[in-house]
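One letter stands for each residue in the lines below.
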Amino acid sequence: MRLNNKKAISVENLSVYFGDFCVLENLNFSVEQGDFVTVVGPNGGGKTTLIKTILGAIRPKMGNILIFGENPNKIDFRYLGYVPQLKNFDRTFPAKAIEIVATGLTGHWNFILNKATKKLSLEALEQVGVPHLANQQINRLSGGELQRVYLARALVRNPKILVLDEPITGVDIVGENDFGKVLEMQQKMHSLTVFMVTHDWEYAYHHSSYVILLNKRIFAFDIPKRAFTESALRNTFGHIGHEHSIQFIASKND
Amino acid sequence: MIETLTNIFVLRGILSGIILGFLGGYYGSFIVQRRMSFLGDGLAHVAFGGIALGLLLEKEPLWIALPFTILVAIALTFLKEKSELEIDTAIGIFFAISVALGILFISLNKHYISDAFSYLFGSILLVSEMNLLFSSFVTILTIILTPILWKRWTYTSFDRELAITDKINVSVDNYILSILIALTIVTSIKLVGIFLVASFLVIPSASAKLISKTFTQLTLFGIIFGVLSSIFGIFFSISLDVPTGSTIILTQALIFLFCLIIKNFNFKRKNSHNVQTR
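Engineer: Help me understand the overall build of chain A in this model?
Structural biologist: A tally of regular secondary structure across chain A gives nine helices and nine strands. Taking all 254 residues of chain A together, 52% fall into the buried category. If you sum the accessible surface of chain A, you get close to 11,600 Å²; carbon and sulfur atoms cover 49% of it.

See below:
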């Protein structure tokens, strides 16, 4: 396939500013197809900005970002499946779960769902283990359920790259598998490229093929074992308040 | 002779009511979901300044109010798109200036005070043939644009960020929406009056939202409630000989109350059902 000889994501000298304020400074990295990359860094370190730049929602001030060799604004919207932070959407919006999934397919809201869209959306909900939620009102869903609906929405378009902004990777009270496991299964089944921002260091350590430590600049881009060094983490987070977490990860590694 | 004349007024009023009820319910669903009712209120008062000027100059007030209202709608959308800059303050300022100008124009006008009153409270006698033609034009425009824009406006109302990442030009869409809302407000003023035109665009959809499970239902119920309240409102207005704006909005309030009761009834029934199954 043509896509195979292009990097999934390639970032060169990328800088992003909000007015005069520099959010991302001179980033350079590339992601191969099939990689599972997690981004870790402090709040306000530019993680979400990086994701939005990849999605084409924010334009960089300097440098280049290419998705399979093309400008993020030029590619078909179906290349990227996006699972946003749950805090953004309007919980009072009257909708059924399946309608959200269908937007992943059509790229707009559907006045009525046609048969084909309905079928594919149901299949996507099945893939992530919540087909029973299809006709459920979204204001009745728990955070964990909603996140799966959003994952189904991202997967239904058969994306090349799955982009996730701080999903709750821990145990789901309702489902038998936690979100992280569902995600990993999907990644393996479809050989997806995954690019995920997370606060869950343990998850990043155990599941990703590469970890980016980001705080305006990139402090490490490496396999988890080499990225999660004490010095790199101290540099990224700029203080020593996370020492217990470093020990925790080290003990998990034993 | 007088009877036919009355009939023509009544017919024109009812036809206009159906059209405006449709427009109010349709755009109301976005206004309610996006919590934009401040925009409707602000634009109605901006239109007041234009109408007062029109009356003073003895020109058709609609044509004077229209460009003002559209310009302010664009300016407010610009402020909103550029930043989260204090849009409330901006509306407050436009609002105050327009009302102040409106009052000035009305006091300069020695002949048409009673006309100005009709514009404040709404009257089917104000609805001219030209007014009816103009609202038909807005309706046709709306119907033509619906297959392209409803799905995008709705998606953006649900989650602006997702719409942007799916390559929807949210900003352009929002300008179009604001301009169409401005058109709807200006063309509704004669029937409903400046005081109540913002509510005219809010209450049918707010009622619809109480009983809707999907946004499609919200849009459809909003339109149905808008049209019904206009027809019944005009009927009450004629039979009681009171301003149309008042009777239309009170009919809408009754519908709202009805929806509230249905909602609570359903809620209680579901809850008692849950208790039983447990």
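Engineer: Could you clarify how one ought to interpret the nonpolar core in this entry?
Structural biologist: Soluble globular proteins tend to pack their nonpolar side chains together in the buried interior. Core analysis: the biggest nonpolar cluster contains 144 residues, and Ile9, Leu162 and Phe195 of chain A have the highest contact counts within it. A per-element tally of this core places helix 8 (residues 170-192) of chain B first, with eleven residues. Leaving out residues up to four positions away in the same chain, Phe195 of chain A has contacts with Ile9, Phe29, Val31, Val37, Val39, Leu50, Ile51, Ile54, Leu162, Val163, Leu164 and Ile212 of chain A. Counting residues in hydrophobic clusters, the runner-up holds twelve residues, among them Ala204, Leu213, Phe228 and Ala232 of chain A.

Engineer: Just checking my understanding: could you explain the interface of chain A and chain B for this structure?
Structural biologist: Frequently, the measure chosen for interface size is the accessible area that the parts lose on association. The interface is formed by 31 residues belonging to chain A together with 25 residues belonging to chain B. Together, the buried faces of chain A and chain B total about 2,500 Å²; carbon and sulfur atoms form 62% of this surface. Taken together, the connections running from chain A to chain B amount to four salt bridges. Of the charged contacts in the structure, one is a salt bridge between Asp90 of chain A and Arg35 of chain B, with a shortest N-O distance of 3.1 Å.

Engineer: What am I meant to see in the sheet that holds strand 1 (residues 9-18) of chain A here?
Structural biologist: Note on sheets: strands pair through backbone hydrogen bonds, and any given pair is parallel or antiparallel. Residue and element names in this part refer to chain A. Here we have three strands laid out as an open sheet, ordered 2-1-4, and antiparallel in their pairing. The open sheet has two edge strands, strand 2 (21-31) and strand 4 (62-67), and neither has a second partner. Adjacent strand axes in the sheet meet at a mean angle of 25°, parallel and antiparallel pairs treated alike. Alignment of strand 1 against strand 2, held across seven bridges, turns out to be antiparallel.

Engineer: Explain the environment of Asn73 of chain A here, please?
Structural biologist: Topologically, Asn73 of chain A is positioned in the loop between strand 4 and strand 5 (80-83). As a C-alpha pair, Asn73 of chain A and Gly56 of chain A span 17 residues in sequence and 5.3 Å in three-dimensional space. Setting aside its immediate chain neighbours within four residues, Asn73 of chain A contacts Gly56 and Arg59 of chain A together with Lys167 of chain B.

Engineer: I would appreciate a short explanation of the sheet that holds strand 7 (residues 193-197) of chain A in the present structure.
Structural biologist: Residues and elements named next belong to chain A. One open sheet accounts for six strands, arranged 5-6-7-3-8-9; its pairing is mixed. The open sheet has two edge strands with one neighbour each: strand 5 and strand 9 (217-222). Neighbour to neighbour, the strand axes of the sheet diverge by 15° on average, direction disregarded. When strand 3 (residues 36-40) meets strand 8 (residues 210-215), the two strands line up parallel, connected through four bridges. Bridging across to strand 8, Val40 finds its partner in Leu213. With respect to the sheet, helix 5 (residues 179-190) is in contact with strand 3, strand 6 (161-165) and strand 7, its orientation differing from that of strand 6 by roughly 165°. On top of the sheet, helix 8 (residues 230-237) reaches strand 3, strand 8 and strand 9; it is set at about 35° to strand 8, its chief contact.

Engineer: Sorry, what's going on with a nonpolar patch on the surface here?
Structural biologist: All names here are of chain B. A contiguous nonpolar surface patch, about 850 Å² in accessible area, is contributed by Leu15, Ile18, Ile224, Leu228, Ile231, Phe232, Phe235, Phe236, Leu240 and Val242. Contributions of two or more residues to the nonpolar patch are made by helix 1 (2-33) and helix 11 (215-240). The greatest single-element share of the nonpolar patch, amounting to seven residues, is contributed by helix 11. One can find Phe235 in helix 11.

Engineer: I tried to follow the pairing of strand 1 of chain A on my own but got confused; where do I start?
Structural biologist: Along a regular strand, successive side chains alternate from one face of the sheet to the other. Judged from the five bridges that link them, strand 1 of chain A and strand 4 of chain A form a sheet pairing that is antiparallel. Bridge pairing in strand 4 of chain A links Glu12 of chain A to Asn64 of chain A.

Engineer: Help me understand the confidence of the model for chain B in this model?
Structural biologist: Low-pLDDT stretches of the model should not have their predicted coordinates read in fine detail. Counting all residues, the mean pLDDT for chain B is 89, and 92% of those residues have values of 70 or more. When pLDDT is averaged over each element of chain B, helix 10 (residues 203-211) of chain B comes out on top at 97 and helix 5 (residues 113-121) of chain B at the bottom at 80.

Engineer: Help me understand the packing of aromatic side chains in this model?
Structural biologist: Here the distance between the centres and the angle between the planes together describe a pair of aromatic rings. One pass over the full model with this rule turns up 26 aromatic pairs over all chains. When the ring of Trp201 of chain A is compared with that of Phe237 of chain A, the centres are 5.1 Å apart and the planes differ by 50°; the resulting orientation is tilted. Within this pair, whereas Trp201 of chain A is found in helix 6 (residues 201-207), its partner Phe237 of chain A is found in helix 8, the two being separated by 36 residues in sequence. We classify Phe237 of chain A as buried; its relative accessible area is 11%. A centroid spacing of 5.9 Å and a plane angle of 80° characterise the contact between Tyr26 of chain B and Phe30 of chain B, whose relative ring orientation is edge-to-face. On the criterion of helical spacing, the pair formed by Tyr26 of chain B and Phe30 of chain B is a turn pair, its members being four residues apart in helix 1. The class for Tyr26 of chain B is buried, based on a relative accessible area of 3%.

What counts as what
- Residues numbered from 1 in each chain as written.
- Chains lettered and ligands numbered in written order.
- Predicted model: local features only at pLDDT ≥ 70, side-chain atom pairs only at ≥ 80, totals over all residues.
- Heavy atoms only, no water.
- Helix = DSSP H or I, 4+ residues; strand = E, 2+ residues; numbered from the N terminus.
- Buried < 20%, exposed > 50% of the residue type's maximum accessible area, 1.4 Å probe, protein only.
- Areas by Shrake-Rupley, 256 points an atom, 1.4 Å probe, with all protein chains shown as cover.
- Core = buried A, V, L, I, M, F, W, Y, C linked by side-chain atoms within 4.5 Å.
- Contact = heavy atoms within 4.5 Å.
- Buried area = accessible area lost by both parts, 1.4 Å probe.
- Salt bridge = Lys/Arg side-chain N within 4 Å of Asp/Glu carboxyl O.
- Pairing = 2+ DSSP bridges.
- Axes fitted to C-alpha atoms, helices over the stretch in contact; angles between N-to-C directions.
- Patch = residues over 30% accessible without salt bridge, like charges linked within 9 Å, V, L, I, M, F, W, Y side chains within 5 Å.
- pLDDT = per-residue confidence, 0-100.
- Phe/Tyr/Trp six-rings, centres within 6.5 Å; stacked < 30°, edge-to-face > 60°.

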